[in-house]
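# An overview of the molecular structure
Residues per chain, in single letters:
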Amino acid sequence: MKLRPLSIDGAWELTPVQHGDDRGLFAEVFKADLLAEAIGHRLDLAQVNLSVSAAGVLRGVHFADVPPGQAKYVTCPSGAILDVIVDIRVGSPTFGTYDTVLLDDVDRRAVYLSEGLGHAFCSLADGSTVTYLCSTGYNPTAEHGINPLDPELGIVWPTTARNGSALEYELSAKDTAAPGLTEARESGLLPSYDDVVAYVRDLAEA
């Protein structure tokens with residue numbers, strides 16, 4: 001498995017080696033030791049989520065309060081998505097920026113995003129299936145969102161689906177009503193970069 005750090009500290013792309021023949025293929029899509037070497041601690045798996053999305057569905061930008069936050073290891077076993085990691089940590093050198101990775105059933109890449117980062121994606125095909133290995137369980141009172149179409153974020157979303165058709169974006173009512181980046185910051189929703197760094201350091205030293 002190849003591991004590549006993304007432009008946002010705390011996020012990585014992981015590409016497995018695929019072994020295939022006329023029967024099918026095999027790949028190691030998660031390796032705890034390799035990930036732990038990169039992030040400084042083992043991923044404490046608390047919950048596994050799965051979502052299925054039609055082409056054009058936007059999900060996110062989602063994040064959780066730190067501590068404890070919610071680190072995620074995200075894959076797309078079927079279909080294709082453009083995965084987006086957003087730095088929403090106030091005080092971070094890359095605050096307000098984002099990076100993207102194509103997750104699909106061809107290269108079978110994964111992304112890991114640590115606590116304090118925002119996550120979103122756009123489905124590029126009907127039935128795109130996404131799995132999330134999460135470090136903490138669902139806590140509705142500690143989870144928040146930023147509107148993925150916020151002009152300040154300036155995320156360049158795909159306009160064409162995997163099959164070449166034009167995408168029409170579809171958001172949940174909750175994501176549509178989510179604040180923009182500035183509003184979220186001014187209301188105190190966003191995590192502090194220093195708090196996140198200290199929390200992740202404590203995980204590594206535990």
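Scroll up to find the structure this text is about.
About the thresholds
Residues numbered from 1 in each chain as written. Predicted model: local features only at pLDDT ≥ 70, side-chain atom pairs only at ≥ 80, totals over all residues. Heavy atoms only, no water. Helix = DSSP H or I, 4+ residues; strand = E, 2+ residues; numbered from the N terminus. Rg over C-alpha atoms; globule rule 2.2 N^0.38 Å. Contact = heavy atoms within 4.5 Å. Lys, Arg positive; Asp, Glu negative; His and termini not counted. Charge placed at Lys NZ, Arg CZ, Asp CG, Glu CD. Buried < 20%, exposed > 50% of the residue type's maximum accessible area, 1.4 Å probe, protein only. Pairing = 2+ DSSP bridges. Polar contact = N/O pair within 3.5 Å; in protein donor to acceptor, adjacent residues only side chain to side chain. Axes fitted to C-alpha atoms, helices over the stretch in contact; angles between N-to-C directions.

Helix and strand counts for the protein chain stand at four helices and 13 strands. Computed over C-alpha atoms, the radius of gyration of the protein chain comes to 17 Å, within 12% of the 17 Å expected from 2.2 N^0.38 for 206 residues, which places it in the range of a compact globule. A sequence separation of at least 24 residues applies to 79% of the contacts in the protein chain between residues at least 6 apart. Positive and negative side-chain charges in the protein chain, numbering 14 and 29 respectively, have mean positions lying 6 Å apart.

A separate point is the pairing of strand β7 (residues 72-78). For β7, the buried fraction is high: five of the seven residues fall into the buried class. Here β7 pairs with strand β10 (residues 110-113) via four bridges, running antiparallel. Directly across from Tyr73, in β10, lies its bridge partner Tyr112. Taken together, the five bridges between β7 and strand β12 (residues 128-134) define a ladder with antiparallel strand orientation. Within β12, the residue paired with Val74 across the bridge is Tyr132.

The subject of this paragraph is the side chain of Ser128. The residue Ser128 is located in strand β12 in this model. We classify Ser128 as buried; its relative accessible area is 0%. Here Ser123 takes part through its side chain, which lies 3.2 Å from a polar atom of the side chain of Ser128. Residues contacting Ser128, with those up to four places away along its chain left out, are Ser51, Val52, Ser53, Ser78, Gly79, Ala80, Ile81 and Ser123.

Attention now moves to the environment of Leu58. Position of Leu58 relative to the elements: it lies in strand β6 (residues 58-64). Considering only alpha carbons, one finds Leu58 and Leu203, 145 residues apart in sequence, at a separation of 31 Å. The contacts of Leu58, once residues within four sequence positions are left out, are Phe121, Cys122, Pro148, Leu149, Trp157, Tyr169, Glu170, Leu171 and Asp175.

What follows covers the sheet that holds β7. Ordered by their spatial adjacency, six strands build an open sheet running β1-β2-β10-β7-β12-β5, and the pairing between neighbours is antiparallel. One side of each edge strand has no neighbouring strand; the edge strands of this open sheet are β1 (2-5) and β5 (47-53). When the angles between neighbouring strand axes are averaged without regard to direction, this sheet yields 20°. Relative to β10, strand β2 (residues 11-15) is paired through four bridges, and the arrangement is antiparallel. Looking at β10, one finds that Trp12 is bridged to Tyr112.

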